[in-house]
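Structural overview
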Amino acid sequence: MDKELITGSEALLRTLIAEGVDTLFGYPGGQVIPLYDCLYDYSDRLKHILVRHEQGATHAAQGYARVSGKTGVVLVTSGPGATNTITGIADAMMDSTPIVVISGQVPSPLLGSDAFQEIDVIGITQPITKWAYQVRKPQEIAWAVSRAFYIASTGRPGPVVIDFAKDAQIGTLHYAYERVSRIRSYQPAPDADPAQLEAAAELINGASRPLALVGQGVILGSAERELRAFLEKADIPAASTVLGLSAMPSDYRLNKGMLGMHGNLGPNRKTNACDVLIAIGMRFDDRVTGRLDTYARQAKVIHFDIDLSEIGKNVPADVPVWGHVKQTLPAVTRLLRPAVHTQWIGSFEADEREEYEKVVVREIHPLGDPPLRMGEVVRKVSDAAGAGAVLVTDVGQNQMMGVRYFRYTRTRSVVTSGGLGTMGFGLPAAIGAKEGAPERRVCLFTGDGGLQMTLQELGTVMQENLDIKMIVLNNHYLGMVRQWQELFFERRYSATTMANPDFAALARAYGIRSRSVSRREELDEAIAEMFAADGAYLLVAEVETHGMVYPMVPAGATVTKIIMEKP
């Protein structure tokens, strides 16, 4: 039977559907009009979300991928359409988020001629992608797109770019789809080395003060259940990186909180007190380790990771365990002897009590009539949202307060920009998160600075009628920069004060219900109103202007040198 003759544009859409794609985030333009014209006939099978800026498309695709576990897809035009995706692509690369970005390109005979809206997309994106490929012939479409999805979603996930010349979009081919499931020289996940597994088990079996550091690799590897079995059998307390937070429920007995610069007191101190440190799907980022030459020097280090380049990159590993954590964790668990570490786990209680008395109680239960605190707003929203809610944050103080005081009951419940720290991430990522998990409540916390970087995406919320609850922690500052200026630059607040618009009025201009609160006695009522409202809602919380996020490990300091309150 002869293969069907179709255009390259239709071949791309058919391949997307064959790869399980149901949603696209994009913005049309001249060099991608043929593809959008073809999409008109596929609207019953491919939902297209029209964002207001191409950067928003990439962050939305990230949010979609992070909550759904699928690969997010972006569709943009050439030139500025493609270059506007660069920040999101870099963010996805640093946070191991699988997205495929498809950009239009000028016809192949014009390549290299500086044609209108031509740009070297491949040259620009190669350093920040797992793979970047330019399609010049329609016959390449099915192969290139299937390969893109395989690379983006396997091994350590990440972004892939397909640059699609216009003549390849309108040219024809005899279409045949064949899923890519293997690429020579690309090894997504190696078979575990039995010697490594045995060495890891031996160290853990001999430990008296083991500590596990849980990263996003556990979530990406769908190994949450395997993690629990591992921790339970060896009775190991665990703490998470920001991106790994919802791998364990907040109230799980072995969950000791968050690591890092604004993490919990116990895990940071115990990092330099444990005898065996077990890193699971995390990369020892500088925000976690602080000063490397004083980090966990007393401990033997076991490092589980799917990416060999991360093992030993920052912290030397006594035992590397290279492989997919869903296989390596249970393999080590089978070799473990049941253990009880009551005294060691109990030693966290003093740190928890100290942090509660010096930081937490002041933040979420302030006495008297001070201005609204960021932490109390986050905790009240979390309590009202109920089980299963998804936290999305922007970057800055709102981010750290969000991840510290929101509570998690399910995996894939934290969507935030980790490695790149992209302001403006929050609003479009919340759009993607809602599309990726429409049955779950999505709560966005953003600052006044970050919101104004992608504020135009309120138009997308309006057009798609998305039920997203958006909370602006408005302190009229670039709050995190101001915090550093206050602590380390003698309160010289250079270029951090912000004159802001009426955010509530702006939301109403987009047809979104909104309210501003500044008084504590109004907060509960406002939150209740927000969750009772159908559809999107924007709540502006006028919080204290000089609020601080504590605890704090200063950049480059030892993880045990922790600031607990204003000097």
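Per the stated rule, a full pass over the model turns up 31 salt bridges. With a shortest N-O distance of 3.5 Å, Arg 283 and Asp 285 are connected by a salt bridge. A residue is classified by how much of its surface remains accessible, and Arg 283, at 22% relative accessible area, is partly exposed. Measuring nitrogen to oxygen at the nearest pair gives 2.1 Å for the salt bridge that ties Arg 519 to Glu 521. Among the residues examined, Arg 519 registers a relative accessible area of 46% and is labelled partly exposed. Via salt bridges that share partners, Arg 269, Lys 270, Asp 351, Glu 354 and Lys 358 belong to a single interconnected network.

Burial analysis of helix H22 (residues 479–488) places seven of its 10 residues in the buried class, which makes it a mostly covered element. All of the buried residues along H22 are Gly 479, Met 480, Arg 482, Gln 483, Gln 485, Glu 486 and Leu 487. The inward-facing, buried residues of H22 contact helix H18 (397–405). Directly after H22, the chain includes Glu 490, whose backbone phi takes a positive value near 55°.

Moving on, we get to the packing of helix H9 (residues 194–205) against helix H14 (residues 325–333). At a minimum axis distance of 9 Å, the contact between H9 and H14 shows a crossing angle of 55°. Between H9 and H14, the interaxial angle falls into the category oblique. When the axes of H9 and H14 are compared, the crossing they make is right-handed. Taking contact as the criterion, the partners of Leu 197, Ala 200, Ala 201 and Ile 204 in H9 are, on H14, Thr 328, Ala 331 and Val 332. Looking at the contact of H9 with H14 residue by residue, the classes come out as six nonpolar, one polar and no charged.

Strand order across the open sheet formed by six strands is S11-S10-S9-S12-S13-S14, with parallel pairing between neighbours. Two strands close off the open sheet at either side, each with one partner strand: strand S11 (255–258) and strand S14 (319–322). The sheet shows a mean angle of 20° between the axes of neighbouring strands, taken without regard to direction. Summarising the sheet, strand S10 (residues 238–240) and S11 pair through two bridges and their orientation is parallel. Residue pairing in the sheet places Ser 240 in a bridge with Met 258 of S11. Running over the sheet, H14 touches strand S12 (276–280), strand S13 (300–305) and S14 and is turned about 140° from S13.

About the criteria used
Position numbers for residues count from 1 along each chain, tracking the sequence in the order it is written. Residues qualify for local features only when their pLDDT is at least 70, as the model is predicted, and side-chain atom pairs are given and counted only at 80 or more; totals for whole chains, interfaces and linings, by contrast, use all residues. Computation of side-chain values: all heavy atoms of the structure, hydrogens and water removed. What makes a salt bridge here is a side-chain nitrogen of Lys or Arg within 4 Å of a carboxyl oxygen of Asp or Glu, nothing more. Three exposure classes are used, based on accessible area relative to the maximum for each residue type with a 1.4 Å probe and protein chains only: buried under 20%, partly exposed in between, and exposed over 50%. Secondary structure elements follow DSSP: runs of H or I of four or more residues count as helices, runs of E of two or more count as strands, with numbering from the N terminus. The contact criterion used is simple: two residues touch if any of their non-hydrogen atoms lie within 4.5 Å. In this analysis, axes come from line fits to C-alpha atoms, helices being fitted only over the stretch in contact, and the angle between any two N-to-C directions falls in the range 0 to 180 degrees. Every angle not falling under 35 degrees, over 145, or within 65 to 115 is termed oblique; those three ranges are roughly parallel, roughly antiparallel and roughly perpendicular. Helix crossings fall into two classes, left-handed where the near helix is turned counterclockwise from the far one by less than a right angle and right-handed where it is turned clockwise. Residues were grouped as follows: Ala, Val, Leu, Ile, Met, Phe, Trp, Tyr, Cys and Pro as nonpolar; Asp, Glu, Lys and Arg as charged; and all remaining residues, including Gly, as polar. Whether two strands pair depends on DSSP finding at least two bridges between them.

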